[in-house]
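Reading the structure
What follows is each chain in one-letter form.
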Protein chains: 2
Amino acid sequence: MILALDAMGGDKAPDINVEGAILAVKQSDDDILLVGKQDILYAQLDKWSKKYSFDKSRIRVVNATEIIEMGEHPANAARHKKDSSMAVCCKLVAAKQADAFISMGNSGAAMATSLLYFKRISGISRPAISISFPTISGRCTIVDAGANVDCKPEHLLQFAIMGDIYSKSVLGVKNPKVAILSIGEEETKGNELVFETSKLLKQTDLNFIGNIEGGDIPKAKADVVVCDGFVGNVFLKSSEGIAEMILKLIKNSIKANPLYWGATPFLKLAMKSVRKKADYDEAGGAPLLGVNSTCIIGHGKSNSKAVKNALFAASRCAKKNISNIIEEEIKKFQN
Amino acid sequence: MILALDAMGGDKAPDINVEGAILAVKQSDDDILLVGKQDILYAQLDKWSKKYSFDKSRIRVVNATEIIEMGEHPANAARHKKDSSMAVCCKLVAAKQADAFISMGNSGAAMATSLLYFKRISGISRPAISISFPTISGRCTIVDAGANVDCKPEHLLQFAIMGDIYSKSVLGVKNPKVAILSIGEEETKGNELVFETSKLLKQTDLNFIGNIEGGDIPKAKADVVVCDGFVGNVFLKSSEGIAEMILKLIKNSIKANPLYWGATPFLKLAMKSVRKKADYDEAGGAPLLGVNSTCIIGHGKSNSKAVKNALFAASRCAKKNISNIIEEEIKKFQN
């Protein structure tokens, strides 16, 4: 696979993007196009090649003269900056010179640019962000994690179909259990959107198990959870905050009491393994499902490991040809 | 204060309700009316008086022949079971024979019964549940935590006014920072409900600080957070689930590695103190703000400590005369 990486996007760009790309080529067969200001990127490659030995022919620089900043208005930036690193990535993919577009930059702009150059899959009303959320025993696919803040039941139905395909094709889950995020397991609990979407989901061939509470997601009660992007994003960000608070409270409690100090070295190791399990960097990035190509959107705070894992995720999605499968399934569904 | 406790509501009723009532009278000046099937409750008081010594004149049994079960339809149960333990509690309060109604039972039914007998405060469109959520340094008031699943901006505005009053009057917070739960701190991030509500909040005298992300609630960035009851309830239940998962992951990681076993006793102590801090039982129950009396709704899973703390919360709210303050403030606001 040839992966087009927006080398200029993200809080620590271009450094960690270039390092992530090098780590990825060392551990995979994929080639990478580093897209951004060429002088800066050549200098970066020089810098990192002192630290890492890698096959230089597998990372190529493609020049892009503009950068979309984190605070910019997504749609405007996508429309007007025709030579941004994001736009050039998408043009490479659209021209079949690359198989996937990956960005850690302004996520709204990455979505808008993908939509502009890749277009929606025929039959899909709204592309959605799909997150692999850590559970006690694996990962749960949550769609939508923030692309669409005001949704209709038809949109959530499509999110469910796309999430099901992603879970099966990319994560290898057999007959994924699909649930809708609500405020109680009983069918009578929820809001209008939940009630109406449930009616639609019951009419599909999906393995729909009904409502799920947010607290049951980490318990691995479902493989795919659908929700409005506002609710999904609140869930996601809250979870990060709560996890941080718990770890901090444990740390503070140990610090405050000399009796517990004996636990510190053990606890550090244990927490490291917890962090690894619950770690965003492990997933690396989230696919934008519903556009006619592979687009992976990463966290602005990504480190080089997250960039590497986002590149791996892009490669998996592109190999499985997720967007083609979605197009076929949506067609079948509409017939 | 005289507190009317629904002795039959909750997963472990009436046992833990009666024990909780005894613990409360031992630690406060309040009297308690235990409302429910009198034969059962007299037997319960007999049983617990073998374990605890307490002033028996301060707990009186009031008979109620019906029970509202956990699975019952809230509005129907409230309307038709005129002699349920909930209905009798509310009638006592409405007749000024008690100062507050407390239930660990079917929370929808507790709300519906309160609404039926207490009525809404004039000017309030929708009563809302207010939760005291633990933060790294104290507690944050979240309104609405689940009473209203499909809200309009005017409703959220009223939640903010009520949450502000609760935070000031009951929790003693000076000039509480009021925020709206959203998916980014920037003013441009959110859904229609967030945008429209923000416009209204800016026109008030509240100390409105704008958007807050769910992950910033535990960081104590706001004192009062308003949201739609669906989103609030997802936040609440997700937080509980995530906290449990993190504690379980740490436990598993320690179990799996004999190198960490030395940490177990220290860690157990540390976790106990974390659980205490983040513990639902500490708050005990959540006030239903916006009705013409004090109503405290607890978790069905409450233990006797949670019941005791719910009774304390009821006493605090009744003493401060929260519903009168809300009525006056809403009037002022409307003028």
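Residues numbered from 1 in each chain as written. Chains lettered and ligands numbered in written order. Predicted model: local features only at pLDDT ≥ 70, side-chain atom pairs only at ≥ 80, totals over all residues. Heavy atoms only, no water.

1. What about the overall build of chain A?
- Assigned secondary structure in chain A consists of 12 helices and 11 strands.
- Scaling as 2.2 N^0.38, a compact globule of 335 residues should have a C-alpha radius of gyration of about 20 Å, and chain A matches this with 21 Å.
- With the C-alpha coordinates of chain A rotated into their principal frame, the extents come out at 65 × 60 × 35 Å.
- Looking at chain A as a whole, 60% of its 335 residues qualify as buried.
- Nonlocal contacts in chain A, meaning residues at least 24 apart in sequence, comprise 74% of its contacts between residues at least 6 apart.
- Accessible surface for chain A amounts to roughly 13800 Å². Of this, 50% is attributable to carbon and sulfur atoms.
- Each charge sign in chain A was given a centre, from 44 positive and 37 negative side chains, and these centres are 5 Å apart. (Helix = DSSP H or I, 4+ residues; strand = E, 2+ residues; numbered from the N terminus. Rg over C-alpha atoms; globule rule 2.2 N^0.38 Å. Buried < 20%, exposed > 50% of the residue type's maximum accessible area, 1.4 Å probe, protein only. Contact = heavy atoms within 4.5 Å. Areas by Shrake-Rupley, 256 points an atom, 1.4 Å probe, with all protein chains shown as cover. Lys, Arg positive; Asp, Glu negative; His and termini not counted. Charge placed at Lys NZ, Arg CZ, Asp CG, Glu CD.)

2. Details of the pattern of salt bridges
- Tallied over the entire structure, the rule returns 28 salt bridges over all chains.
- Taking the shortest distance from any N to any O, the salt bridge between E72(B) and K81(B) comes out at 2.7 Å.
- With relative accessibility at 23%, the residue E72(B) sits in the partly exposed group.
- What emerges from the salt-bridge pattern is a single network uniting E185(A), D216(A), K219(A), K221(A) and E244(B). (Salt bridge = Lys/Arg side-chain N within 4 Å of Asp/Glu carboxyl O.)

3. Some remarks on the nonpolar core
- One finds L34(A), I102(A), L34(B) and I102(B) to be the most contacted residues of the largest nonpolar core, which totals 221 residues.
- Not counting residues up to four positions away in its chain, the partners in contact with L34(A) are L5(A), A7(A), V18(A), A21(A), L41(A), L45(A), I59(A), R60(A), V61(A) and V62(A). (Core = buried A, V, L, I, M, F, W, Y, C linked by side-chain atoms within 4.5 Å.)

4. A short note on the side chain of S239(A)
- The residue S239(A) is located in helix α8 (residues 229-256) in this model.
- The class of S239(A) is buried, set by a relative accessible area of 4%.
- Discounting chain neighbours no more than four positions away, the residues touching S239(A) are F133(A) and I242(B).

5. Concerning the sheet that holds strand β5 (residues 128-134) of chain A
All names here are of chain A.
- Spatially, β3-β2-β1-β4-β11-β10-β5-β6-β9-β7-β8 is the arrangement adopted by the 11 strands of the open sheet, whose pairing is mixed. Both outer strands of the open sheet, β3 (59-63) and β8 (207-213), are each paired with one neighbouring strand and no more. Each neighbouring strand pair of the sheet contributes to a mean axis angle of 30°, computed without reference to strand direction.
- Here strand β7 (residues 177-182) runs beside β8; their pairing, made up of 6 bridges, is parallel. From the neighbouring strand, L181 faces β8, where its bridge partner is I212.
- Across the sheet, helix α4 (residues 85-94) touches β1 (2-6), β2 (31-36), β3 and β4 (100-103), and the angle it forms with β1 is around 165°. (Pairing = 2+ DSSP bridges. Axes fitted to C-alpha atoms, helices over the stretch in contact; angles between N-to-C directions.)

6. A look at the packing of aromatic side chains
Residue and element names in this part refer to chain A.
- In total, this model carries 4 aromatic pairs over all chains according to the counting rule given.
- Each ring, one from F133 and one from F235, has its centre 4.9 Å from the other, and the planes form 55°; the classification is tilted. Pair noted here: F133 is in strand β5 and F235 is in helix α8, with a separation of 102 residues, a long-range link.
- On the basis of relative accessible area, F133 is assigned to the buried category, the value being 7%.
- F235 gets classed as buried once you look at its relative accessible area, which sits at 1%.
- In this arrangement the basic side chain of K56 is found over the ring face of F54, its NZ or CZ atom lying 5.1 Å from the centre. (Phe/Tyr/Trp six-rings, centres within 6.5 Å; stacked < 30°, edge-to-face > 60°. Lys NZ or Arg CZ within 6 Å of the ring centre and 35° of its normal.)

7. Examining the packing of helix α6 (residues 153-169) of chain B against helix α7 (residues 192-202) of chain B
All names here are of chain B.
- Orientation of α6 relative to α7, taken along the N-to-C sense of each, is 50°, at an axis distance of 9 Å. One way to sum up the angle between α6 and α7 is to call them oblique. The crossing of α6 and α7 is right-handed. Judged by residue contacts, P153, E154, L156, L157 and A160 of α6 engage L193, E196, T197, L200 and L201 from α7.
- Partitioning the contact of α6 with α7 into residue classes produces 7 nonpolar, 1 polar and 2 charged. (Parallel < 35°, antiparallel > 145°, perpendicular 65-115°, else oblique. Left-handed = near helix turned anticlockwise from the far one by under 90°. Nonpolar A, V, L, I, M, F, W, Y, C, P; charged D, E, K, R; others polar.)

8. Overview of the packing of helix α1 (residues 15-27) of chain B against helix α11 (residues 304-320) of chain B
All names here are of chain B.
- Close contact between α1 and α11 brings their axes to 7 Å; oriented N to C, the two are set at 50°. Considered as vectors, α1 and α11 are oriented oblique to each other. Judged by the sense of rotation from one axis to the other, the crossing of α1 with α11 is right-handed. Facing α1, whose interface residues are I16, N17, E19, G20, A21, L23, A24 and Q27, α11 presents S304, V307, K308, L311 and F312.
- Split by residue class, the contact of α1 with α11 holds 7 nonpolar, 4 polar and 2 charged.

9. Observations regarding helix α2 (residues 38-49) of chain A
Residue and element names in this part refer to chain A.
- Helix length check: α2, at 12 residues, gives a terminal C-alpha distance of 16 Å against a target of 16 Å (1.5 Å per residue), a fit within 8%.
- Burial in α2 covers these residues: L41, Q44, L45 and W48. Looking down the long axis of α2, one finds its buried residues gathered within 100° of arc, a one-sided arrangement. Along α2, exposed side chains directed more than 90 degrees from the buried face belong to D39 and D46.
- The elements touched by buried residues of α2 are α1 (15-26), β2 and β3. (Expected span 1.5 Å × (residues − 1). Arc of directions from axis to C-beta.)

10. Structural notes on the side chain of D144(A)
Residue and element names in this part refer to chain A.
- Residue placement: D144 occurs in the loop between β6 (139-143) and α6 (153-169).
- One buried charged residue, D144, remains without a salt bridge, the closest side chain of opposite sign being R126 at 6.9 Å.
- At 3.2 Å, the side chain of D144 forms a polar contact with the backbone nitrogen of G146. (Polar contact = N/O pair within 3.5 Å; in protein donor to acceptor, adjacent residues only side chain to side chain.)

11. What to know about the pairing of β4(A)
Residue and element names in this part refer to chain A.
- Burial along β4 is two-sided: A100 and I102 and F101 and S103, pointing in opposite directions, are all buried.
- Where β1 meets β4, 3 bridges bridge the pair, whose relative direction is parallel. Each residue of the ladder has a partner; that of L3, found in β4, is A100.
- Alignment of β4 against strand β11 (residues 294-297), held across 4 bridges, turns out to be parallel. Bridging from a neighbouring strand, F101 pairs with C295 of β11.

12. Structural notes on the sheet that holds strand β4 (residues 100-103) of chain B
- Ordered by their spatial adjacency, 11 strands build an open sheet running β3-β2-β1-β4-β11-β10-β5-β6-β9-β7-β8 (chain B), and the pairing between neighbours is mixed. This sheet does not close on itself; its edge strands, each paired only once, are β3 (59-63) and β8 (207-213) of chain B. Along the sheet, successive strands turn relative to each other by an average axial angle of 30°, direction set aside.
- Inspection of the sheet shows strand β10 (residues 285-289) of chain B paired to strand β11 (residues 294-298) of chain B by 3 bridges, in the antiparallel sense. Considered in β11(B), the bridge of G285(B) is made with G298(B).
- Sheet contacts for α8(A): β5 (128-134), β7 (177-182) and β8 of chain B; angle to β7(B), the most-contacted strand, approximately 120°.
- On the sheet, helix α5 (residues 107-118) of chain B packs against β4, β5, β10 and β11 of chain B and is oriented at approximately 170° with respect to β11(B).

13. Quick notes on the confidence of the model for chain A
- With 94% of its residues at a pLDDT of 70 or more, chain A has an overall mean of 92.
- With a pTM of 0.90, the predicted complex shows an ipTM of 0.88. (pLDDT = per-residue confidence, 0-100.)

14. Considerations on α1(B)
Residue and element names in this part refer to chain B.
- Over its 13 residues, α1 runs 19 Å from end to end, which matches the ideal 18 Å to within 8%, given 1.5 Å per residue.
- In terms of burial, α1 is a largely internal element, 10 of the 13 residues being buried.
- Considering only its buried residues, α1 is in contact with β1 (2-6), β2 (31-36), α2 (38-51), β3 and α11.

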